[in-house]
Amino acid sequence: MPQHRQLYESVLEMIGWTPMVRLGRVGAGIPTPVYGKAEFMNPGGSIKDRIGPAIIEAAEREGRLRPGGTIVEGTSGNTGIGLAIAAAEKGYRCIFTISDKMSQEKVRLLRAFGAEVIVTPAAVPPDHPDHYVSTAKRIAGELPNAVFADQFYNAANPEVHYRTTGPEIWEQTQGRVTHFVASAGTGGTISGVGRFLKEKNPGIRIIGADPVGSVLCHYAETGEMPEAAPYKVEGIGQDKIPGALDLGVVDEWRSVDDRSAFDMARRLTREEGLFVGGSTGLIVHVALEIAREVADPEALVVCILCDTGERYLSKVYNEEWLRANELL
Ligand SMILES: Cc1ncc(COP(=O)(O)O)c(C=O)c1O
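Residues numbered from 1 in each chain as written. Predicted model: local features only at pLDDT ≥ 70, side-chain atom pairs only at ≥ 80, totals over all residues.

**Digging into helix α5 (residues 156–172)**
Between its first and last C-alpha atoms α5 spans 23 Å; for 17 residues at 1.5 Å apiece the expected length is 24 Å, and the two agree. Along α5, the sharpest kink reaches roughly 35 degrees, centred on Tyr162. For α5, the set of buried residues is Ala156, Asn157, Pro158, Val160, His161, Thr165, Gly166, Ile169 and Trp170. The inward-facing, buried residues of α5 abut β2 (34–38), α1 (51–61), α6 (188–200) and β10 (301–305). Trailing α5 by a residue or two, Gln174 shows a phi angle of about 50 degrees, which is positive. (Helix = DSSP H or I, 4+ residues; strand = E, 2+ residues; numbered from the N terminus. Expected span 1.5 Å × (residues − 1). Bend = angle between axes of the 7 residues up to and from the residue. Buried ≥ 20, exposed ≤ 12 C-beta atoms within 10 Å, placed from the backbone. Contact = placed C-beta atoms within 7 Å.)

**Description of the nonpolar core**
Nonpolar side chains in soluble globular proteins tend to be buried together. Formed by 91 residues in total, the largest nonpolar core has its most connected members in Phe180, Val181, Ile283, Ala287 and Cys303. In terms of residue count, the dominant contributor to this core is helix α9 (residues 278–294) (8 residues). Residue contributions to this core reach at least three from each of two domains, namely domain 1 (11–47 + 157–324) and domain 2 (48–148). In contact with Val181, not counting residues within four places along its chain, are Ile207, Ala209, Ile283, Val286, Ala287, Ile290, Val301 and Cys303. (Core = buried A, V, L, I, M, F, W, Y, C linked by C-beta atoms within 7 Å. Domains from an automatic or database assignment.)

**A short note on the domain arrangement of the chain**
Each domain of the chain was delimited in the assignment, giving domain 1 (11–47 + 157–324) and domain 2 (48–148). Contacts between domain 1 and domain 2 engage 28 residues on the former and 21 residues on the latter. Per-element tally for the side of domain 1 that touches domain 2: the top contributor is α5, with 6 residues.

**Focus on the sheet that holds strand β4 (residues 93–99)**
The pairing of strands in a sheet happens through backbone hydrogen bonds and is either parallel or antiparallel. Spatial strand order, β5-β4-β3-β6: 4 strands in an open sheet with parallel pairing. Across the chains shown, the open sheet's two edge strands, defined by having one partner strand only, are β5 (116–120) and β6 (146–148). Within the sheet, the average angular offset between the axes of one strand and its neighbour, ignoring direction, is 15 degrees. Sheet topology places β4 next to β5; 5 bridges connect them, and they run parallel. Its bridge partner being in β5, Ile98 is matched across the sheet by Val119. Sitting on the sheet, helix α4 (residues 132–142) touches β3 (70–74), β4, β5 and β6, and the angle it makes with β3 is about 160 degrees. (Pairing = 2+ DSSP bridges. Axes fitted to C-alpha atoms, helices over the stretch in contact; angles between N-to-C directions.)

Written as structure tokens, this is what we have:
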């Protein structure tokens, strides 16, 4: 069936309805089919395109953002791009803070979209004034007609996944989905999609894939807050529990190390032709683990392919960087 048969009036109409594809080669020999939802095919190259317009339109509806206003956000890159796309269309100024852990590609991309970018140190705790989120909040408070997008606590974030990503997965699998695997950065994706799928069929298992070093898996399973430790995968995992994350919808968490995540991202590119980032590798690693354990051809595992590998050419796809970080 031909796709995109209609004419669109704006880039914003091109967000969502991303294709779903069988991961047949990395999943070879596993009886359970695994499908990836190709969120890297959104116009800004990631799942975060969905929340950009949703957050801006909510702020407009609530009267917090008026013409000529400024959008300020702390981002690992992708949310900034999603916000910048919607801001371009609507004529808002953007100021983004990003930690120096994130790839140079992301900083350059944000600037290419016309945003002002402030790079902050990664090695500070979440309550530190130089932390990327504290810095964004402070700037938004100091500027007139500026809003802090606040993806970590903004209800518009999980809500847009409840309204779009979840229903798309349900329709594309014709209700046959039995397991859903995603990571949590803000928790918006897993909470919104998880809530929608559970309402459709409470038997669907929602599985969180977390980087080793993030606190989410350990906290969800034990109720104790561990010390966070650094890791290289970008955009997912946390050093605290974000408000957009509904731990109640996640049935199970699994931790994955950087090396396994990056190995799988490179395999997806070489073996499936799906050029994806490190967080996708981490999620697919868990999705295949689940599929292997379930071993049921009637089950259907769905996972999120979060963003494009082009954002990580200097890292996940750079042997020198991998070797220097002992990740090969
Ligand atoms: C690359 C990447 N993957 C996954 C996610 C996680 O999505 P969410 O914030 O909805 O939990 C993000 C966002 O933080 C991201 O940038």
